[in-house]
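Structural overview
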Amino acid sequence: MPSDIRPTRRTLVTTALAGLALPLVPRGAAALTTATASGLVEQVAAEITRIINSGQSEAAMIRDFERMMGRYGDMPTIAQSVLGPPARSASRAQLSAFADAFRGYMARKYGRRFREFIGGTVAVEGAQDGGRFIEVISNVRIPGRAPFEVRFRVWDRSGSPLFIDMLIEGVSLVISERSEVGSIMDRNGGSVDATIEALRRLG
Amino acid sequence: MPLIRRIHRLTAVLSAVMPAALLALLTACGPAALPPGDSIRDADEAQNRAVHRFNLSLDRALVGPASEGYGSVVPEPLRRGVGNVAANLSQPSHIVNNLLQVRIGQASHNTLRFLVNSTVGLGGLFDPATALGLEPRETDFGETLHVWGLPEGDFVMLPVLGPSTTRDSFGIVIDTALNPLRHVLPEADRPYATAVGVLGRFGDRHDNGELIDSVLRDSADSYAQLRSLYLQNRRFELGGPRLGYRTDGAADGLDADPYADPYADPYADPYADPYADAISDPYSDPYIDAYAQ
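These figures come from a predicted structure and were not determined experimentally.

By size, the foremost hydrophobic cluster in this structure holds 41 residues, and its most contacted members are A:Ala37, A:Ala79, A:Phe102, A:Val136 and A:Val154. In terms of residues, this core owes the most to one element, helix α6 (residues 92-111) of chain A, which gives seven residues. Among residues more than four places away in sequence, those in contact with A:Phe102 are A:Ala79, A:Val82 and A:Leu199. Core analysis: the next-biggest nonpolar cluster, separate from the first, contains six residues, A:Leu167, A:Val171, B:Tyr223 and B:Leu229 among them.

Okay, structure coming up:
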């Protein structure tokens, strides 16, 4: 038996803090269901389809896409996950600048290929609990191409359900971009600031 | 005399049963565990990068322009026909591998597909099977080795053929030797089959030109990017047949099939600290919780 069961000062402080913080934990945490996540995917798919078929210029489409990423994507989580271990030593300001630069880079990189998806449809086929996130499985059909599977990962750590990743035929956007951003960082001597600068120009 | 006859019968039965028993033994081990999506083993990176540089210049000088030319000279319907014939010619090889994997359902799916496309589809020129629900389900000996429990080994960049792994490179060699077509087709017809296969590849290169170009030319490090994309997608393919997903919110998927999720579940171990810093080990969980503090 442990001889000392009296709470130490540290456990007291942590417990008190935890108790104080408890009401701050977003209530959505328990509410996120596969149905909510599937609904979110359908909503976003409809919005993307609307942007693609709007007939506006590429630049306008990219702007719309970037705005959507800000609204539906958990950008702090995506940015930190993509940055990987260097995120640990980065400052808060750097992380936020990186998240913004990365969002613009993604919008330009993928927004430019939007026209390949004209006429495409996204059908949600199911969803499963992935532990920390809900994974929504969908089937994408584009005329003249073999249908392919896209999975969306949604969680609500921020308080509302947001996307943290998208996997096309098993290829994760976060993992692929982590490799790419790592390469960009290597090229820039491991500097986070230089990487942010490079991302602003790329894509 | 009856004894000899009995021995004869025994050896006949044994020779029929032995391969099946061996297969059963092999498959009993279960498929190899798939590494998580972002784990990369690349022991010969320097050499692989050299091969990649060679492939890049080959693509720039020859394959890219040839595919472009093929794509602009040959109209789309004919290109698709050639692609269909090429796919149909590799169908027997899929069936053999399905049998070796003891995936009988897949084998009959591919057999039906081959029969339909070879007859109604005019020798594979058309693909009516897909419209009938017999969509392509490709496989290879690399997958067979995976089903038998062989791990993927290291990442390998092959000249001309591109990204692969130690296991899948072996698979390609065996597939070439095993291909039923090689044993059935008359010697004189084999070059045509090869030509159709190469043209089919050109067609793929043309149809996916923008995507391939964006990976090969616009990436900060096209080698690292190709390696990541290939390994993730290959592991996804090897994840096996899709699960029966439920939409009612039941979390059966990830628990039922450990290969469905490329990421290790941090909650699989009840004693693991759920608030462990994900940054300290970026490969245990790809997602860093920005709200953890």
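Before going further, it helps to examine the sheet that holds strand β5 (residues 171-172) of chain A. Residue and element names in this part refer to chain A. With respect to topology, five strands assemble into an open sheet ordered β1-β2-β3-β4-β5, the strand pairing being antiparallel. A single partner strand is all that each edge strand has here, and the edge strands are β1 (121-129) and β5. Relative to strand β3 (residues 148-155), strand β2 (residues 134-141) is paired through seven bridges, and the arrangement is antiparallel. When the sheet's bridge partners are listed, Ser-138 is paired in β3 with Val-150. Contacting β1, β2 and β3, helix α3 (residues 34-52) crosses the sheet at an angle of about 160° to β1.

Quick look at the environment of A:Arg141 now. Residue and element names in this part refer to chain A. For Arg-141, the location among the structural elements is in strand β2. For the pair Arg-141 and Thr-121, spaced 20 residues apart in sequence, the C-alpha separation works out to 5.4 Å. Dropping the residues within four chain positions of it, Arg-141 is found in contact with Gly-120, Thr-121 and Pro-147.

With that settled, the discussion passes to helix α3 (residues 76-89) of chain B. Residues and elements named next belong to chain B. An ideal rise of 1.5 Å per residue puts 20 Å on 14 residues; α3 measures up with 20 Å between its terminal C-alpha atoms. All of the buried residues along α3 are Arg-79, Gly-81, Val-82, Gly-83, Asn-84, Val-85, Ala-86, Asn-88 and Leu-89. Contact partners of the buried residues in α3: α2 (45-73), α4 (91-100), α5 (104-119), α9 (180-184) and α10 (190-207).

This next bit is on α10(B). Residues and elements named next belong to chain B. With 18 residues, α10 extends 26 Å from end C-alpha to end C-alpha; this agrees with the ideal 26 Å at 1.5 Å per step. Of all the positions in α10, only Phe-202, Gly-203 and His-206 are classed as buried. When α10 is viewed along its axis, its buried side chains cluster within an angular range of 100° and face the same direction. Of the surrounding secondary structure, the elements contacted by the buried residues of α10 are α2, α3 and α11 (209-218).

All names here are of chain A. Taken together, the eight bridges between β1 and β2 define a ladder with antiparallel strand orientation. The residue of β2 that forms the bridge with Asp-129 is Ile-134. Where β1 folds back on β2, the antiparallel hairpin that results is connected by four residues, among which Gly-131 adopts a positive phi of roughly 95°. Following β2, the chain reverses through six residues before pairing antiparallel with β3; Gly-144 in that reversal takes a positive phi of roughly 80°.

Reading guide: rules and limits
- Residues numbered from 1 in each chain as written.
- Chains lettered and ligands numbered in written order.
- Predicted model: local features only at pLDDT ≥ 70, side-chain atom pairs only at ≥ 80, totals over all residues.
- Core = buried A, V, L, I, M, F, W, Y, C linked by C-beta atoms within 7 Å.
- Buried ≥ 20, exposed ≤ 12 C-beta atoms within 10 Å, placed from the backbone.
- Helix = DSSP H or I, 4+ residues; strand = E, 2+ residues; numbered from the N terminus.
- Contact = placed C-beta atoms within 7 Å.
- Pairing = 2+ DSSP bridges.
- Axes fitted to C-alpha atoms, helices over the stretch in contact; angles between N-to-C directions.
- Expected span 1.5 Å × (residues − 1).
- Arc of directions from axis to C-beta.

On their own, these measurements won't tell you what the molecule is for.
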